[in-house]
Amino acid sequence: MSSIPYLPIEVILHILVRLPVKDLIRYTSVCKQWRCIITNPQFISTHLDYHVHTSDGYLLQLKLRKPSGQTFFPVLNHKTYVEHSVFDVPFSSEERSFRFGGSINGLIILVDGGTIYLWNPVIWKLKILRGSCFSNRSRVHAAHITIGFGFGEKTDDFKIVRILYCGCPSVQSRKKEPAKIEVYSLARNTWRKIRTNVGYYPTEKCSDAFLNGAVHWVASEAGGIIRSVILSFDLDSEKFGEIGFPKYYDDLKKESHGFSANVVKGSLALIACWITEAQLVKGCYVWVMGEYGVVNSWNLIYSICLEETTILRPLAIVNNYDFVIQLVDGELVSCDLEKSVHKYLDICKDNVTRDVDTFYESLVLYNEGFRLTPRKHLLVEGGFHLGKRKRSVYLLLQKKWR
């Protein structure tokens, strides 16, 4: 029997970097050399870059099961919307439900009160963040807490920015009570205070868009004349910036509007919605910024008004040009921003859709946190089963890995 020919390490790397994550996890058991290659941080980064630039990823939905309210994530094919896999969230929320902070490079961020979960569902790795630079009293009495999550290209680090506003969420109070800001670095595994004045009040509890190494929120001025802008936070320089709205906004102040930021084909986008007295959406407009940071480069590229039904809210722009909206009956509609056509998505009508985002499989977090097993209510650390998730064991793990 002929033996397997020797393969240079360069050839092995070229083969492994093209394989899906689940195969790579299995191949860590082939030999020590392959395990060292696959778990190396440089390989994890190279593998992610390759798949981000050569594939369109998947569509990730956050849904709630009826009637239990359990959170789960269906993962869909980005073109056909056919279900690829389903991830059940193996930990429960202490509040009514989780807030979805977005998906970046294979990581999902879920917010549960003062606790933040960083989760890679493909490799079942979880990191629980319960610490803070500020006292529990500051967090408990904060009138508004905003989260931003993204990846700094220059620092090669995942970061979370948390902004706390204390006191009554009024213009006068925000002027007297400056925001408290802290940043978590995954590479350092620490929270740090950022001593700067935000100057604006984000309207959303989680960032709407991640682009050019910065997270973005729609925000209003925190003092004086109320003015809406897109607030940005650069994860490398850790500095805030502001981007003005399209000039048309000045003519529409008398009407009720809702705004959110998003990304269309690598450009910053603003979604403007007309809101009725019943708090339903009458129509949506999508503006795209031709040159990042230049207010005069805003262009209106799409508008939608479905005569036959009523829009509940816009969800996200995925696959670079698919604008997904939710109707009052819970049904989802995908609007093609290039072809100006829309289609109804026949996906999981029996459950409640909360959010959608683009998702890429990755090995990120492989060397961090602790591992969850796909079996319900089991935690694994270092290969040893810890048994059913009793409350006391779970709290100990949260303190250890915070």
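Residues numbered from 1 in each chain as written. Predicted model: local features only at pLDDT ≥ 70, side-chain atom pairs only at ≥ 80, totals over all residues. Heavy atoms only, no water.

1. Digging into the pattern of salt bridges
As enumerated under the stated definition, the model contains 4 salt bridges in all. In this structure, Asp 23 and Arg 26 form a salt bridge, with 2.9 Å as the shortest nitrogen-oxygen distance. A residue pair is termed a helical-turn pair when its members lie 3 or 4 positions apart in one helix, as Asp 23 and Arg 26 do in helix H2 (residues 21–27) at 3 residues. When the shortest N-O distance is used, the salt bridge between Glu 238 and Lys 159 registers 2.9 Å. Of this pair, Glu 238 sits in the loop between strand S15 (228–234) and strand S16 (239–244) while Lys 159 is found in strand S9 (residues 157–166), placing the two residues 79 residues apart along the sequence. Residue classification places Lys 159 among the buried residues on the basis of a relative accessible area of 6%. One connected set of salt bridges, linked through shared partners, spans Lys 159, Arg 192 and Glu 238. (Salt bridge = Lys/Arg side-chain N within 4 Å of Asp/Glu carboxyl O. Helix = DSSP H or I, 4+ residues; strand = E, 2+ residues; numbered from the N terminus. Buried < 20%, exposed > 50% of the residue type's maximum accessible area, 1.4 Å probe, protein only.)

2. Quick notes on the confidence of the model for the protein chain
Put simply, the protein chain has an average pLDDT of 79, and 81% of its residues get 70 or more. When mean pLDDT is compared element by element in the protein chain, strand S13 (residues 209–211) scores highest at 92, while strand S28 (residues 384–388) scores lowest at 43. Ignoring residues within four places in sequence, the model shows residues 376–394, a span with pLDDT below 50, making 38 contacts including any to other chains. (pLDDT = per-residue confidence, 0-100. Contact = heavy atoms within 4.5 Å.)

3. Remarks on the packing of aromatic side chains
In the structure shown here, the tally under the stated rule is 11 aromatic pairs. Pairing Tyr 27 with Trp 34 gives two aromatic rings, centres 6.1 Å apart and planes at 70°, and the pair type is edge-to-face. For Trp 34, a relative accessible area of 23% corresponds to the partly exposed category. Summarising the aromatic geometry, the rings of Phe 149 and Phe 158 are spaced 6.3 Å apart at their centres and angled 20° between planes, so their arrangement reads as stacked. A relative accessible area of 8% means that Phe 158 is categorised as buried. Taken together, the ring pairs connect Phe 73, Phe 100, Trp 119 and Trp 124 into an aromatic cluster. For Lys 125, the ring lying beneath its charged end belongs to Tyr 366, and the centroid distance is 5.6 Å. (Phe/Tyr/Trp six-rings, centres within 6.5 Å; stacked < 30°, edge-to-face > 60°. Lys NZ or Arg CZ within 6 Å of the ring centre and 35° of its normal.)

4. Overview of the pairing of strand S5 (residues 107–112)
Of all 6 residues that make up S5, 6 are buried, and the element is covered over most of its length. The loop that links strand S4 (residues 99–104) with its antiparallel partner S5 comprises 2 residues; one of these, Asn 105, has a positive phi angle of about 50°. Bridge count between S5 and strand S6 (residues 115–120): 5 bridges; the pairing is antiparallel. Residue pairing across strands places Asp 112 opposite Thr 115, the latter belonging to S6. Between the antiparallel neighbours S5 and S6 lie 2 residues, among them Gly 113 with a positive phi of about 65°. (Pairing = 2+ DSSP bridges.)

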